[in-house]
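Descriptive structure summary
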Amino acid sequence: SAPLSVEDIRSDFPILEREFDGTPLVYLDNAATSQTPEPVVDAIVEYYHTYNSNVHRGLHQLSQEASIAYEDAHDRVAEFIGASGEREEIVFTKNATESMNTVAYAWGLEELGPGDEIVLTEMEHHAALVTWQQIAKKTGATVRFIEVDDEGYLDMDHARELIGPDTAMVSVVHVSNTLGTVNPVSELTDLAHEQDALIFVDGAQSVPHMPVDVEAIDADFFAFSGHKMCGPTGVGVLYGKKHLLEEMQPYLYGGMMIEKVTFEDSTWHELPWKFEAGTPVIAQGIALAEACDYLDEIGMDNVKRHGEALAEYAHERLSEFDDIEILGPPADDRGALVSFNLDTVHAHDVSEILNAHGVAVRAGDHCTQPLHDKLGVPASARASFYIYNTREEVDKLVEGLEDARELFA
Ligand SMILES: Cc1ncc(COP(=O)(O)O)c(CNc2co[nH]c2=O)c1O
C-alpha cells in the first residue's frame, strides 16, 4: 500500500481541528480510544437513516437489509484478522472486556477445577487479570503470573517453567497498554499447545495497530475492541476456533441465541449467534466493518510503521530529560505508546499541565495496578499514537513537559 499520508487521514477526523481557547488539540490517548473517521460515522448515520431494523431475518425489507449487513460485518472482521471460519468464529460483544468474560464464563466456569492452572503475565490488563482471578476463585483453579523483567519483557524462561501439565489456559496480552511491550504470542501459543492448554490472546492494542493473523499465531481465542481501531464504542470482538465455540455453552441466555424453546428446555442457535443474546450491537458491528475497510485502505503495515516510528521518536525525545523515567522496552522495540514518569511531578499533574497545552494523554494505572505496584510507581503518564498523529505533536508533548518541570521546580 502507498505510504501513509497523515494530512489526508487527518482530514477524515474533524475532531482533530478542535481548539481549546485557541490551543489546538493534540490527541495522544489512542490506547484508551481512537478517534472515529468520517466514513465510519457516515456508516452509522446511513444505517439509522435508511435501514435501521432489528436483525435475525425479519421478513420485511428493512430487517433483511439490516440482517445481511450485520451478518456480513462478521465476515469482514474475520477477514481482517485472518479467521478462515468467517462469521462462525467471530462473536460481537460490547468490548474486549466482555469478549474475555465470555470465554471465562462459557469455557472457564465449565472446564476449570481445583488443580487446574491459568497462566497470565504480570502485565495483563484488568480485563484479563481480574476476570481469570475471579473465575479461579469460583472454580478452585490457580492463577500464576509470568514475570516481567526490568526492561518490560516477559521472562520466557519463567514462562517455560510455569506452562506445564497442570496449565489449562494461558492468557496473554499481545501488546501491553502500559509498557508497549510486544509479546511473543506465537511462541507462547506453542508452549501452551505443547501442554494441551488453550491460549487466549488479548489483542486490544495489537489488532488496531499491526497486521494480525490469528491462524498464523494459532491462538484459540483472541479479543479486541472496535473503539480502539477507528470503530465506535459498543462493539468488541471475540474470535474463537470454531470447534471450541461449538463445544462451549452460552452463558448469556434469551432471544436470538436460541433454536427451539419449550417450557422444559431450550436448544441453541448456530454460531456465532449462540453467543449473541438479545438485540445485538447492530449499528456498531456494521460500522466496525467500515473501520476495517478504512484501516485496510491505509494498510496495516503502514499503520504499524507509523505508530512505532512516533513511539520511537517520543522515546528518544523523552530520553533527553534525565528526570524522566520511561517504562518498558527500548525505543525501537515497542508498540505505538510510551508511558513515563517525570520525577517530582505526579502523573496526574503532568496530565493536567499537558491538557493546558491541548495535549491529551492518559494518567493513572491504565488498568494494570499490579504491574504498577511491581514497578514501584503509583501511576504513569502515557502518550499513545495512531495514524493521524505527527512528530510535531510529539514536540508539543515535550514542550508541555518542559512547562510542567518549570511549574513544579
Ligand atoms: C490491553 C487491553 N486489554 C483490554 C482492554 C479493555 O478494552 P475495553 O473493553 O474496550 O475497555 C484494554 C483497554 N485499555 C484502556 C482503556 O482505557 N485506557 C486503556 O489503556 C487494553 O488496553
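Preceding block: the structure.
Figured I'd write up the structure that's included with this text. (Residues numbered from 1 in each chain as written. Predicted model: local features only at pLDDT ≥ 70, side-chain atom pairs only at ≥ 80, totals over all residues. Heavy atoms only, no water.)

**Some points on the environment of phenylalanine 385**
Let me state the cut-off plainly: Secondary structure elements are taken from DSSP: a helix is a run of H or I of four residues or more, a strand is a run of E of two residues or more, and numbering for both begins at the N terminus. Residue exposure (1.4 Å probe, protein chains only): buried if accessible area is under 20% of the type maximum, exposed if over 50%, otherwise partly exposed. Residue contacts are defined here by distance: any two heavy atoms, one from each residue, within 4.5 Å place the two residues in contact.
Tracing the chain through its elements places phenylalanine 385 in the loop between β17 (380-384) and α14 (391-408). Among the residues examined, phenylalanine 385 registers a relative accessible area of 1% and is labelled buried. Placed 356 residues apart in sequence, phenylalanine 385 and aspartate 29 show a C-alpha to C-alpha distance of 7.0 Å. Residues within four places of phenylalanine 385 in sequence aside, it is in contact with Leu28, Asn30, His209, Gly307, Leu310, Ala311, Ala314, Ala336, Leu337, Val338 and Val394.

**Considering the packing of helix α11 (residues 300-318) against α14**
What counts here: For helices, the fitted line uses only the C-alpha atoms of the stretch in contact; every axis is such a line through C-alpha atoms, and the angle between N-to-C directions lies from 0 to 180 degrees. By the definition adopted for this analysis, an angle is roughly parallel if under 35 degrees, roughly antiparallel if over 145, roughly perpendicular if from 65 to 115, and oblique otherwise. When the near helix sits turned anticlockwise from the far one by under a right angle, the crossing is termed left-handed; a clockwise turn instead gives a right-handed crossing. Charged residues are taken to be Asp, Glu, Lys and Arg, nonpolar residues to be Ala, Val, Leu, Ile, Met, Phe, Trp, Tyr, Cys and Pro, and polar residues to be all remaining types, Gly included.
Across the interface, α11 lies against α14 with an axial gap of 10 Å and an inter-helix angle of 30 degrees. As judged from the angle between their axes, α11 and α14 are roughly parallel. Judged by the sense of rotation from one axis to the other, the crossing of α11 with α14 is right-handed. On the side of α11, the interface is formed by Leu310, Tyr313, Ala314, Arg317 and Leu318, while α14 contributes Arg391, Val394, Asp395, Val398 and Leu401. For the contact of α11 with α14, the per-class residue count stands at seven nonpolar, no polar and three charged.

**Re the packing of helix α2 (residues 38-51) against helix α3 (residues 61-80)**
It is the contact of α2 with α3, at a shortest axis distance of 10 Å, that shows an interaxial angle of 155 degrees. What the angle tells us is that α2 and α3 run roughly antiparallel. Along the contact surface, α2 presents Tyr47, Thr50 and Tyr51, while α3 presents Leu62, Glu65, Ala66 and Ala69. For the contact of α2 with α3, the per-class residue count stands at five nonpolar, one polar and one charged.

**Regarding helix α5 (residues 126-139)**
The criterion, for reference: By this rule the span expected of a helix is its residue count minus one, scaled by 1.5 Å.
A rise of 1.5 Å per residue sets the reference length of α5, with its 14 residues, at 20 Å; its end C-alpha atoms lie 19 Å apart and thus fit the reference within 8%. If you check which residues of α5 are buried, you get His126, Ala127, Ala128, Leu129, Thr131, Trp132, Ile135, Ala136 and Thr139. Next to the buried residues of α5 lie α4 (96-111), β5 (117-121), β6 (142-146), β7 (167-173), β8 (198-202) and α13 (369-375). Backbone geometry just downstream of α5 places glycine 140 in the positive-phi region, at approximately 85 degrees.

**Some thoughts on the site of the ligand**
For clarity, the threshold we go by: Near, as used in this document, describes a residue that has one of its heavy atoms within 4 Å of the molecule or strand being considered. Any pair of nitrogen or oxygen atoms within 3.5 Å is treated as a polar contact; in protein, a donor-acceptor pairing is required on top of that, and neighbouring residues in sequence qualify only through side-chain atoms on both sides. Only the protein chains shown count as cover for residues, and all accessible areas are computed by the Shrake-Rupley method using a 1.4 Å probe. Buriedness of a pocket was judged along seven lines, with at least five required to meet protein on both sides within 12 Å; pockets are open sets of points on a 1 Å grid over the protein atoms alone, cavities are sets where a 1.4 Å probe fits but cannot get out, and lining residues have an atom within 4 Å of a point. Placement in a cavity or pocket follows one criterion, namely that more than half of the molecule's atoms lie within 2 Å of its grid points.
By nearness alone, 16 residues border the ligand, and Thr97, Asp202, Ser225, His227 and Arg382 come closest of all. One of the side-chain N or O atoms of aspartate 202 is found 2.6 Å from a nitrogen atom in the ligand. In the environment of the ligand, an oxygen atom lies 2.7 Å from a nitrogen or oxygen atom belonging to the side chain of histidine 227. Expressed as a share of its isolated accessible area of 490 Å², the protein-covered part of the ligand is 88%. Comparing atom positions with the cavity grids shows the ligand to sit within the largest pocket. Here the residues of the shell around the ligand sort into six nonpolar, seven polar and three charged.

**Thoughts on the pattern of salt bridges**
As a working rule, side chains carrying opposite charge can pair if their charged atoms are close by. The condition is simple: Throughout this description, the term salt bridge denotes a Lys or Arg side-chain nitrogen within 4 Å of a carboxyl oxygen of Asp or Glu.
In total, this model carries 22 salt bridges according to the counting rule given. Put simply, aspartate 296 and arginine 76 hold a salt bridge, and the shortest N to O gap is 2.6 Å. With aspartate 296 in helix α10 (residues 282-298) and arginine 76 in helix α3, this residue pair connects regions lying 220 residues apart in the sequence. Residue aspartate 218 is joined to lysine 241 by a salt bridge in which the shortest nitrogen-to-oxygen separation is 2.7 Å. In this pair, aspartate 218 is assigned in the loop between α8 (214-217) and β9 (221-225) and lysine 241 in the loop between β10 (236-240) and α9 (242-247), connecting sequence segments 23 residues apart. The exposure class of lysine 241 is buried, given its relative accessible area of 16%. Beyond isolated ion pairs, a larger network of salt bridges with shared partners links Arg57, Glu71, Asp72, Asp75 and Arg87.

**Quick word on empty space enclosed by the protein**
We count it as follows: Grid points are joined across faces, edges and corners, and a volume is the space filled by probe spheres set on the points. How far each domain reaches was decided by an automatic or database domain assignment.
Counting across every chain of the model gives two cavities of 30 Å³ or more. Along its surface, the largest cavity is lined by Asn30, Ala31, Val175, Gln205, His209, Met210, Gly335, Ala336, Leu337, Ser384 and Phe385. Grouping the amino acids of the lining of the largest cavity by side-chain chemistry returns six nonpolar, five polar and no charged. Here the lining of the largest cavity spans two domains, since at least three of its residues come from each of domain 1 (6-30 + 299-408) and domain 2 (41-296).

**Quick word on the sheet that holds β6**
The cut-off we apply is this: A pair of strands counts as paired when DSSP detects no fewer than two bridges linking them.
Strand order in the open sheet formed by seven strands is β4-β10-β9-β8-β7-β5-β6, and the pairing between neighbours is mixed. Because the sheet does not close on itself, it has two edges, and the strands there are β4 (90-93) and β6. Recorded for the sheet is a direction-independent mean angle of 20 degrees between the axes of neighbouring strands. Here five bridges tie β7 to β8, and the two strands are oriented parallel to one another.

**A few points about the environment of methionine 100**
Its place among the elements puts methionine 100 in helix α4. Overall, methionine 100 belongs to the buried group, its relative accessible area being 1%. Sequence spacing of methionine 100 and alanine 127 is 27 residues, and the spatial spacing of their C-alpha atoms is 7.0 Å. Not counting chain neighbours up to four residues away, the residues in contact with methionine 100 comprise Ala127, Ala128, Thr131, Ser171, Phe200, Asp202 and Ala223.

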